[in-house]
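So you can see what is in the structure, the chains are spelled out below.
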Amino acid sequence: MVGEFWYRGERFRATIHGRTGKEELFLIYMLEDDEEGPEISLDRFEDPDNDPNQSLEECLAMLADRLMKEQAISASKPDAEFAWVQPKTGVNVHSGVQAH
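### Quick word on the overall build of the protein
So, point 1. In terms of helices and strands, the protein carries one helix and five strands.
So, point 2. Each helix and strand of the protein, placed in order from N terminus to C terminus, yields the pattern β-β-β-β-α-β.
So, point 3. Put simply, the protein has 100 residues, and 33% of those count as buried.
So, point 4. Sequence-distant contacts, at least 24 apart, represent 45% of the contacts inside the protein between residues at least 6 apart.

See below:
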């Protein structure tokens, strides 16, 4: 699954693989004009501190906090909560049939 969310006034793109509570999470901080910024990842299956009952949203927020701290990113709205958003369509995929 690929999804985008806002957290603390900043936009992130997440790629999530695996089963609930044991996912691999890849998080990218999104810059202006849909440019990809710093990224961070977490394998919940391998993480000894993982709480499989923690919601995906809580885990992504924790990972976003970690990324912002590591990269010295100042949140534009520090009190803004996690919110999934509908991502912009970057590429339209064709049917697979190509005209020759």
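### A closer look at unusual backbone geometry
So, point 1. Positive phi outside glycine occurs at Asp-33, with the angle close to 60°.
So, point 2. Position of Asp-33 among the secondary structure elements: in the loop between strand 3 (24-30) and strand 4 (36-43).
So, point 3. If you check the backbone angles, Ala-72 has positive phi at about 55° while not being a glycine.
So, point 4. Looking at the element boundaries, Ala-72 is found in the loop between helix 1 (56-70) and strand 5 (83-85).

### Some words on the environment of Tyr-29
So, point 1. Relative to the helices and strands, Tyr-29 resides in strand 3.
So, point 2. Given the relative accessible area of 10%, Tyr-29 is considered buried.
So, point 3. There is a polar contact of 2.6 Å between the side chain of Tyr-29 and the side chain of Glu-10.

### Brief notes about helix 1
So, point 1. Look at helix 1: 21 Å from first C-alpha to last across 15 residues, which is about the 21 Å you get at 1.5 Å a residue.
So, point 2. When we look at burial in helix 1, the residues that qualify are Leu-56, Cys-59, Leu-60, Ala-61, Leu-63, Ala-64, Leu-67 and Met-68.
So, point 3. Taken together, the buried residues of helix 1 touch strand 1 (2-7), strand 2 (10-17), strand 3, strand 4 and strand 5.
So, point 4. Just past helix 1, the residue Ala-72 takes up positive phi, approximately 55°.

### Quick word on the side chain of Arg-11
So, point 1. Locating Arg-11 in the fold gives a position in strand 2.
So, point 2. Given the relative accessible area of 12%, Arg-11 is considered buried.
So, point 3. A distance of 3.0 Å separates a polar atom in the side chain of Arg-11 from a polar atom in the side chain of Glu-4.
So, point 4. What Arg-11 contacts, discounting residues up to four positions off in sequence, is Glu-4, Phe-5, Trp-6, Ile-28, Tyr-29, Met-30, Leu-31 and Asp-34.

### A closer look at the packing of aromatic side chains
So, point 1. According to the stated counting rule, one finds five aromatic pairs in the structure shown.
So, point 2. Between Phe-5 and Phe-12, the aromatic rings sit 5.3 Å apart at their centres with planes inclined by 20°, giving stacked as the arrangement.
So, point 3. Relative accessible area serves as the criterion here: at 0%, Phe-5 is assigned to the buried category.
So, point 4. Overall, Phe-12 belongs to the buried group, its relative accessible area being 0%.

Definitions and cut-offs
- Residues numbered from 1 in each chain as written.
- Predicted model: local features only at pLDDT ≥ 70, side-chain atom pairs only at ≥ 80, totals over all residues.
- Heavy atoms only, no water.
- Helix = DSSP H or I, 4+ residues; strand = E, 2+ residues; numbered from the N terminus.
- Buried < 20%, exposed > 50% of the residue type's maximum accessible area, 1.4 Å probe, protein only.
- Contact = heavy atoms within 4.5 Å.
- Polar contact = N/O pair within 3.5 Å; in protein donor to acceptor, adjacent residues only side chain to side chain.
- Expected span 1.5 Å × (residues − 1).
- Phe/Tyr/Trp six-rings, centres within 6.5 Å; stacked < 30°, edge-to-face > 60°.

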